[in-house]
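Each chain, letter by letter, is given below.
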Amino acid sequence: MAKEVTLQNHPLLDERGKEAILPPSESGRSGGRSLRGFDWRQVAGVLLIAGGLLAVVAGWIGVTGTSITADQLSYIGSGGLLGVALIALGVVLLVSYEHLRDRSAMAELSERLGLLEEGLAGRFRGGDR
């Protein structure tokens, strides 16, 4: 016969039946975010991408403003290639920040899973099945 799980005998509550074994997670998304809440990788990545876009636009304007091929190539080289390089570097910084967030979230989940396993093992070790 299956044991009915009520709030008093729930396996995730402590012996008094009032507090959870695991505290609530604080890693959820918050509503608003101030500028201080941003990581340097995010700020630098966005600035590099914006600067790269400006360089590409400036190179495009320079190319369209002249019909001499040598001048067009210099605009493509300075504006276009520099802009693409800045955009690529900005994207790398943003991806590295996301990787850092993923690693910290995985570490928190691993820690919480360990606490949960420890708490449940203490519950079922004594033959409460």
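A. Geometry of the overall build of the protein. Across its full length, the protein carries two helices and zero strands. Across the protein, contacts joining residues at least 24 apart in sequence account for 73% of those joining residues at least 6 apart.

B. Layout of the environment of Y97. Positionally, Y97 belongs in helix 2 (residues 69-124). Sequence separation of Y97 and R41 is 56 residues, and the distance between their C-alpha atoms is 6.0 Å.

C. Broad picture of the pattern of salt bridges. Tallied over the full model, the rule gives two salt bridges. Of the charged contacts, one joins D39 and R41 as a salt bridge, the two residues approaching to 2.6 Å between their closest N and O atoms. For D39, a relative accessible area of 18% puts it in the buried group.

D. How the structure looks around the environment of G62. As for its position among the elements, G62 is in helix 1 (residues 40-64). Here G62 falls in the buried class, since its relative accessible area comes to 10%.

E. Quick peek at the environment of G59. Summarising the element assignment, G59 is placed in helix 1. Residue G59 is classed as buried on the basis of its relative accessible area of 7%. Discounting residues that sit within four places of it in the chain, G59 has contacts with Y75 and G79.

F. Structural view of helix 1. Helix length check: helix 1, at 25 residues, gives a terminal C-alpha distance of 36 Å against a target of 36 Å (1.5 Å per residue), a fit within 8%. Taken as a whole, helix 1 has its buried residues at R41, Q42, G45, G52, A55, G59, G62 and V63.

G. Expanded view of the side chain of T66. Locating T66 in the fold gives a position in the loop between helix 1 and helix 2. Separated by 3.3 Å, the side chain of T66 and the backbone nitrogen of I68 make a polar contact. Those residues within four positions of T66 in sequence are excluded, and the remaining contacts are D71, Q72 and Y75.

H. Representation of a nonpolar patch on the surface. A surface patch of nonpolar side chains, about 270 Å² in accessible area, is lined by F38, V43 and L47. Along the chain, the position of V43 falls in helix 1. We classify V43 as partly exposed; its relative accessible area is 36%.

I. View of the side chain of Q42. With respect to the helices and strands, the residue Q42 is situated in helix 1. Q42 gets classed as buried once you look at its relative accessible area, which sits at 14%. Within the local environment of Q42, its side chain forms a polar contact with the backbone nitrogen of D39, the two atoms lying 3.0 Å apart.

Parameters at a glance
- Residues numbered from 1 in each chain as written.
- Predicted model: local features only at pLDDT ≥ 70, side-chain atom pairs only at ≥ 80, totals over all residues.
- Heavy atoms only, no water.
- Helix = DSSP H or I, 4+ residues; strand = E, 2+ residues; numbered from the N terminus.
- Contact = heavy atoms within 4.5 Å.
- Salt bridge = Lys/Arg side-chain N within 4 Å of Asp/Glu carboxyl O.
- Buried < 20%, exposed > 50% of the residue type's maximum accessible area, 1.4 Å probe, protein only.
- Expected span 1.5 Å × (residues − 1).
- Polar contact = N/O pair within 3.5 Å; in protein donor to acceptor, adjacent residues only side chain to side chain.
- Patch = residues over 30% accessible without salt bridge, like charges linked within 9 Å, V, L, I, M, F, W, Y side chains within 5 Å.
- Areas by Shrake-Rupley, 256 points an atom, 1.4 Å probe, with all protein chains shown as cover.

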